[in-house]
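Analysis of the macromolecular model
These are the residues of each chain, in order.
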Amino acid sequence: MNDATLLSKQLLQNAFTCGASDIHFYPLPKSTDIYFRVHGKRTLHETLTAEQYTVLLTFYKFTSGMDIGEIRKPQNGTLEMRDPATQFRYSLRLSTLPTSNTESLAIRILPQDGQYDLNKLFLFPNQLNIVMNWLSMKSGLILFTGPTDNVM
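Residues numbered from 1 in each chain as written. Predicted model: local features only at pLDDT ≥ 70, side-chain atom pairs only at ≥ 80, totals over all residues. Heavy atoms only, no water.

Helices and strands together make up the secondary structure of the protein chain, namely 3 helices and 6 strands. Sequence-ordered secondary structure for the protein chain, helices as α and strands as β, is α-β-β-β-α-β-β-β-α. Evaluated residue by residue, the protein chain yields a buried proportion of 32% over its 152 residues. Taking all contacts inside the protein chain whose residues are at least 6 apart in sequence as the whole, residues at least 24 apart take part in 40%. Of the roughly 10100 Å² that the protein chain leaves accessible, carbon and sulfur atoms contribute 56%. Computing the positive centroid from 14 side-chain charges and the negative centroid from 13, the protein chain places the two 5 Å apart. (Helix = DSSP H or I, 4+ residues; strand = E, 2+ residues; numbered from the N terminus. Buried < 20%, exposed > 50% of the residue type's maximum accessible area, 1.4 Å probe, protein only. Contact = heavy atoms within 4.5 Å. Areas by Shrake-Rupley, 256 points an atom, 1.4 Å probe, with all protein chains shown as cover. Lys, Arg positive; Asp, Glu negative; His and termini not counted. Charge placed at Lys NZ, Arg CZ, Asp CG, Glu CD.)

Take a look at the structure:
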């Protein structure tokens with residue numbers, strides 16, 4: 001297993017364990033800070049050298065279907081992962097953005113397993129009654145919007 005694969009596996013495993021919804025890479029001239037977003041709060045996870053980040057960025061761009069030679073335009077890619085500890089599946093949405101000397105990277109972590117009970121949506125009792133009434137109707141569309149977060 002090469003360095004980029006090992007570093008990626010460790011990073012993603014830590015993010016899954018923490019319940020992170022996002023991983024943000026903030027490149028600086030000589031290093032890159034990695035932040036996890038957990039329950040809406042962004043916290044510093046670790047710092048990589050500029051060389052480690054370049055290798056990891058190239059790995060993520062290649063494995064997610066992005067053009068590794070393109071550094072002047074924003075790009076998007078996707079990956080499917082499985083947490084080895086829990087066997088939960090995750091869909092990863094990756095996006096790069098050019099910066100003054102490299103690219104920043106953001107990874108959105110979207111759990112694909114598990115069902116969420118309506119009682120865990122933090123609804124007031126009258127709101128829950130309204131939603132339950134809507135669910136009993138034979139046609140229509142219910143659209144929930146708001147910030148994404150891993151509620152487990």
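Moving on, we get to the packing of aromatic side chains. Applying the stated rule across the entire model yields 4 aromatic pairs. Among the aromatic residues, ring-to-ring pairing joins Phe25, Tyr53, Phe59 and Tyr60 into one connected group. In this structure, arginine 42 packs its charged tip against the face of tyrosine 35, placed 3.9 Å from the ring centre. (Phe/Tyr/Trp six-rings, centres within 6.5 Å; stacked < 30°, edge-to-face > 60°. Lys NZ or Arg CZ within 6 Å of the ring centre and 35° of its normal.)

With 24 residues, the main nonpolar core has Ile23, Phe25, Tyr60, Leu92, Ile107 and Ile109 as its most contacted residues. Mapped onto this core, the elements with two or more residues apiece are helix 1 (3–18), strand 1 (22–27), strand 2 (31–38), helix 2 (50–63), strand 5 (89–98) and strand 6 (103–111). With 5 residues, helix 1 is the single largest residue contributor to this core. (Core = buried A, V, L, I, M, F, W, Y, C linked by side-chain atoms within 4.5 Å.)

Here the focus is the environment of threonine 99. Along the chain, the position of threonine 99 falls in the loop between strand 5 and strand 6. Remark: the alpha-carbon pair of threonine 99 and lysine 73, spanning 26 residues in sequence, is separated by 9.9 Å. Each residue touching threonine 99, except ones within four places of it in the same chain, is listed here: Pro27 and Ser104.

Bear in mind that shape data such as this cannot, by itself, settle questions of function.
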